[in-house]
Amino acid sequence: MAGAIVGIVVLVFLLIMFARTVRIVPQARAGIVERLGRYNRTLTPGLAILVPFMDRLKPLIDLREQVVSFPPQPVITEDNLVVQIDTVLYFTVTDPKSATYEIANPLQGIEQITVTTLRNVVGGMSLEVALTSRDHVNAQLRGVLDEATGKWGIRVNRVEIKSIDPPGTIQEAMEKQMRAERDKRAAILTAEGFKQSQILTAEGEKQSAVLKAEGAKTATILRAEGEASAINTVFTAIHEGKPDRELLRYQYLQMLPCSLRATPTRCS
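## Section: the packing of aromatic side chains
- Throughout the structure, instances matching the rule amount to 1 aromatic pair.
- Measuring from ring centre to ring centre gives 5.9 Å for tyrosine 39 and tyrosine 101, while their planes differ by 80°; the resulting arrangement is edge-to-face. With a gap of 62 residues between them, tyrosine 39 in strand S3 (residues 38–43) and tyrosine 101 in helix H2 (residues 96–101) connect regions that are remote in the sequence.
- Classification of tyrosine 101 by relative accessible area gives partly exposed; the value is 36%.

The structure is reproduced here in structure tokens:
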């Protein structure tokens, strides 16, 4: 009985020793090993052997890109307006040792640097400029954070401003201004359309009058040319026929108005 108990104790001890000796580090993770309280080495993904009771494996560090969203921060703009700025941060741990020993709380440090930089950058802008300069603010934030977090073994990949929320009264004023601008543009477009319509109508009437005048001119010319041609034809026919005096006198009388003839009753 005593031998069985001793065997069980030894087996449990061996299992504990094995569990403390053999460790498996998953992919995209890193482990910091301390030996007797001092940094010893950094474990990469795979199987690792530790010295029991001498080596201690700290919590594994995630090497994948991580996303952190910070709560909205109040920032005062250059025109003394308090806006709430909501940011999101993308970062990657590049040096597990530095991320473990250079700073106690990396996320808190990044958040505080982000807030300070936001206040410095946005504090020098008016509200209108801040609302339209997100890319500029993002670039400045990323530069400052990347420089500050480099010694912590962290690389800031991207910083994005999700929202910039001005006070409610300012939002209402901005909405009213936008509506006024839209109404103004609509009125201008309506006036421009009416003006263009009047111009096109006048141009159409002008062209119509010109075309009518051209048509009347052409008709008059053609009519005159027709009459001239008819007279010329008659004149030519008369001369070719060689009429005598009596025939000419008769034709002359036929061409006179009835009131001038000697016998008007013969007029048809």
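## Focus: the environment of threonine 92
- Mapped onto the fold, threonine 92 is located in strand S8 (residues 82–93).
- In the structure, threonine 92 is positioned 63 residues away from arginine 155 in sequence and 5.3 Å away in space, judged by C-alpha atoms.
- Those residues in contact with threonine 92, other than ones at most four positions away along the chain, are Leu63, Arg64, Glu65, Gly153, Ile154, Arg155 and Asn157.

## Brief notes about the sheet that holds strand S9 (residues 154–165)
- Read from one edge of the open sheet, 3 strands run S7-S8-S9, paired in antiparallel fashion. In this open sheet, the two edge strands, each paired with only one partner strand, are strand S7 (66–76) and S9. Neighbour to neighbour, the strand axes of the sheet diverge by 25° on average, direction disregarded.
- Both S7 and S8 contribute to a ladder of 9 bridges, which runs antiparallel. Across the sheet, the residue bridging to glutamine 66 is phenylalanine 91, located in S8.
- Here helix H3 (residues 106–122) sits on the sheet in contact with S7, S8 and S9, set at roughly 40° to S7.
- The strands touched by helix H5 (residues 134–149) are S8 and S9; relative to S9, the strand with the most contacts, the crossing angle is about 145°.

## Focus on the side chain of threonine 77
- Counting through the fold element by element, threonine 77 comes out in the loop between S7 and S8.
- In this view, threonine 77 contacts Val83, Val122, Gly123, Met125, Ser126 and Leu127; residues no more than four positions away in its chain are not counted.

## Examining the packing of H3 against H5
- Put simply, H3 and H5 touch, their axes get as near as 10 Å, and they point 140° apart. The orientation of H3 with respect to H5, classified from their angle, is oblique. Relative to H5, H3 is oriented so that their crossing is right-handed. Residues Ile110, Ile113, Thr114, Thr117, Leu118, Val121 and Val122 of H3 form the contact with H5, whose own contacting residues are Val137, Gln140, Leu141, Val144, Leu145, Ala148 and Thr149.

## Quick look at the nonpolar core
- Membership of the largest hydrophobic core comes to 30 residues, with the highest contact counts inside it found for Ile85, Leu89, Ile110, Leu118, Val122, Val137 and Leu145.
- Residue assignment for this core shows that the elements contributing at least two residues are S7, S8, H3, helix H4 (127–132), H5 and S9.
- Look past the residues within four positions of leucine 145 in its chain and what remains in contact with it is Leu89, Ile110, Ile113, Thr114, Val156 and Val159.
- Counting 6 residues, the second largest nonpolar core, distinct from the first, contains Val25, Val33, Ala48 and Leu57.

## With respect to the pattern of salt bridges
- Taken as a whole and assessed by the stated rule, the structure comprises 6 salt bridges.
- Notably, a salt bridge pairs aspartate 62 with arginine 29, separated by 3.7 Å at the nearest N-O pair. With a gap of 33 residues between them, aspartate 62 in strand S6 (residues 61–62) and arginine 29 in strand S2 (residues 29–35) connect regions that are remote in the sequence.
- Ionic contacts of the salt-bridge type, sharing partners, join the residues Arg29, Asp62 and Arg64 into one network.

Calculation criteria
For every chain, the first residue of its written sequence is number 1, and the numbers climb from 1 along that sequence. Reporting in this predicted model follows two pLDDT cut-offs: at least 70 for local features of residues, and 80 or more for side-chain atom pairs to be given and counted; totals over whole chains, interfaces and linings ignore these cut-offs and use all residues. Calculation of side-chain values draws on the structure's entire complement of heavy atoms; hydrogens and water are dropped beforehand. Aromatic pairs are defined between Phe, Tyr and Trp rings, using the six-membered ring for Trp, whenever the two ring centres lie within 6.5 Å; interplanar angles under 30 degrees are classed as stacked, those over 60 as edge-to-face, and all others as tilted. Where helices and strands are cited, they refer to DSSP runs of H or I of at least four residues and of E of at least two residues respectively, numbered from the N terminus. For each residue, the accessible area found with a 1.4 Å probe, counting protein chains only, is set against the maximum for its type, and the residue is called buried under 20%, exposed over 50%, and partly exposed in between. Whether two residues are in contact is decided by their heavy atoms: any pair within 4.5 Å suffices. What makes two strands pair is DSSP finding at least two bridges between them. The angle between two axes is taken between their N-to-C directions and runs from 0 to 180 degrees, where each axis is a line fitted to C-alpha atoms and a helix contributes only its stretch in contact. Roughly parallel means an angle under 35 degrees; roughly antiparallel, over 145; roughly perpendicular, 65 to 115; everything else is oblique. The hand of a helix crossing depends on one turn: near helix anticlockwise from the far one by less than a right angle means left-handed, and clockwise means right-handed. Buried residues of nine kinds, namely Ala, Val, Leu, Ile, Met, Phe, Trp, Tyr and Cys, make up a nonpolar core once their side-chain atoms join them within 4.5 Å. A pair is scored as a salt bridge if a Lys or Arg side-chain nitrogen falls within 4 Å of a carboxyl oxygen belonging to Asp or Glu.

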